[in-house]
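Summary of the model geometry
What follows is the residue order along each chain.
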Amino acid sequence: MSPILKDDNYWMGKAIAQAKKAEAIGEVPIGAVLVKDGVVIARGHNLRESRQDPAAHAELIAIRKAAAKLKSWRLTGATLYVTLEPCTMCMGAIILARLNRVVFGSFDPKGGAAGSLYDFSNDARLNHSVVLTSGVRGDETSALLSNFFSALRAEKRRAKLQSKDSEVDAARSVSQAKGL
């Protein structure tokens, strides 16, 4: 195993820990850490539901925290580790922040902008390019998302069944009250 891959696995573990924080509060489990010179300078996890903010993605939260901490919007020399391929909004912020590198776990075939639907990382029309590394602990990050959405669907089915049961019980009560 190369030293870079070992480092990537280690730092992705930190991003996964952030994703689990999101999951613990009912958010889609996506996490991010920004690393510069071997040190985490910022962390973030998805907070879209909690904040009712469409821009509260893990990547943007980490980028904003890092910029505030470093007192600079230029985050050159930093690497972003994120559990899911960044979307168009996040890739825009990554490019504008001048991040050097993005490492992600799972591809996002419905919204990814780092290789799936789009690839903004090396578009010559933009003023900055970003080195991408994909698939780091991809099975683990993919399972985290799959398990979350599977549990969410199961909960929705349970709620729907309970609602139907409540309707049947209410109908019975009305029928019994009317002596039917």
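Residues numbered from 1 in each chain as written. Predicted model: local features only at pLDDT ≥ 70, side-chain atom pairs only at ≥ 80, totals over all residues. Heavy atoms only, no water.

So, the overall build of the protein
From N to C terminus, the protein includes 5 helices and 5 strands. When the helices and strands of the protein are placed in sequence order, the string is α-β-β-α-α-β-α-β-β-α. Evaluated residue by residue, the protein yields a buried proportion of 41% over its 180 residues. For the protein, restricting intrachain contacts to residue pairs at least 6 apart in sequence, the fraction spanning at least 24 positions comes to 57%. Carbon and sulfur atoms make up 54% of the accessible area of the protein, which amounts to about 10300 Å² in all. (Helix = DSSP H or I, 4+ residues; strand = E, 2+ residues; numbered from the N terminus. Buried < 20%, exposed > 50% of the residue type's maximum accessible area, 1.4 Å probe, protein only. Contact = heavy atoms within 4.5 Å. Areas by Shrake-Rupley, 256 points an atom, 1.4 Å probe, with all protein chains shown as cover.)

Some words on the side chain of Arg101
Mapped onto the elements of the fold, Arg101 is located in strand 4 (residues 101-106). Only 3.0 Å separates the side chain of Arg101 from the side chain of Thr133, close enough to count as a polar contact. (Polar contact = N/O pair within 3.5 Å; in protein donor to acceptor, adjacent residues only side chain to side chain.)

Focus on the packing of aromatic side chains
Taken as a whole and assessed by the stated rule, the structure comprises 4 aromatic pairs. Geometrically, the ring pair formed by Tyr10 and Trp11 is edge-to-face, given 4.8 Å between the ring centres and 75 degrees between the ring planes. Classification of Trp11 as buried rests on a relative accessible area of 12%. Ring centres of Tyr118 and Phe120 lie 5.7 Å apart, and the angle between their planes is 25 degrees; this geometry places the pair in the stacked category. Here Phe120 falls in the partly exposed class, since its relative accessible area comes to 24%. (Phe/Tyr/Trp six-rings, centres within 6.5 Å; stacked < 30°, edge-to-face > 60°.)

Quick word on the environment of Asn100
Take Asn100: it is sitting in the loop between helix 4 (88-96) and strand 4. Residue class for Asn100 comes out partly exposed when judged on its relative accessible area of 37%. Through-space distance from the C-alpha of Asn100 to that of Ala78 is 5.9 Å; in sequence the pair is 22 residues apart. Apart from residues lying up to four places away in sequence, Asn100 is in contact with Thr76, Gly77, Ala78, Val130 and Val131.

Considering the pairing of strand 3 (residues 78-84)
Counting buried residues along strand 3, 7 of its 7 residues qualify, which places the element largely inside the surrounding structure. Alignment of strand 1 (residues 31-36) against strand 3, held across 5 bridges, turns out to be antiparallel. Its bridge partner lying in strand 3, Val33 is registered against Tyr81. Note that strand 3 and strand 4 share 5 bridges and pair parallel. What sits directly across from Leu84, in strand 4, is Ser106. (Pairing = 2+ DSSP bridges.)

What about the UniProt feature "active site" (unreviewed entry) in the protein?
Under the UniProt annotation, "active site" (unreviewed entry) lies at Glu59. Assignment of secondary structure puts Glu59 in helix 3 (residues 58-70). Take Glu59: its relative accessible area is 4%, and that puts it in the buried class. If we skip the residues at most four places from it in the chain, Glu59 touches Ala32, Leu80, Val82, Leu84, Pro86 and Cys90. (UniProt positions renumbered as here; feature names shortened; annotations may be inferred.)

Focus: the pattern of salt bridges
Under the criterion given, the structure shown has 4 salt bridges. The partner of Asp8 in a salt bridge is Arg101, and the shortest N-O contact between them spans 2.7 Å. Taken together, the residues Asp8 in helix 1 (residues 3-24) and Arg101 in strand 4 connect sequence positions 93 residues apart. One salt bridge in this structure joins Arg137 and Glu140, with 2.9 Å as the shortest N-O distance. Its relative accessible area of 28% is what places Arg137 among the partly exposed residues. (Salt bridge = Lys/Arg side-chain N within 4 Å of Asp/Glu carboxyl O.)

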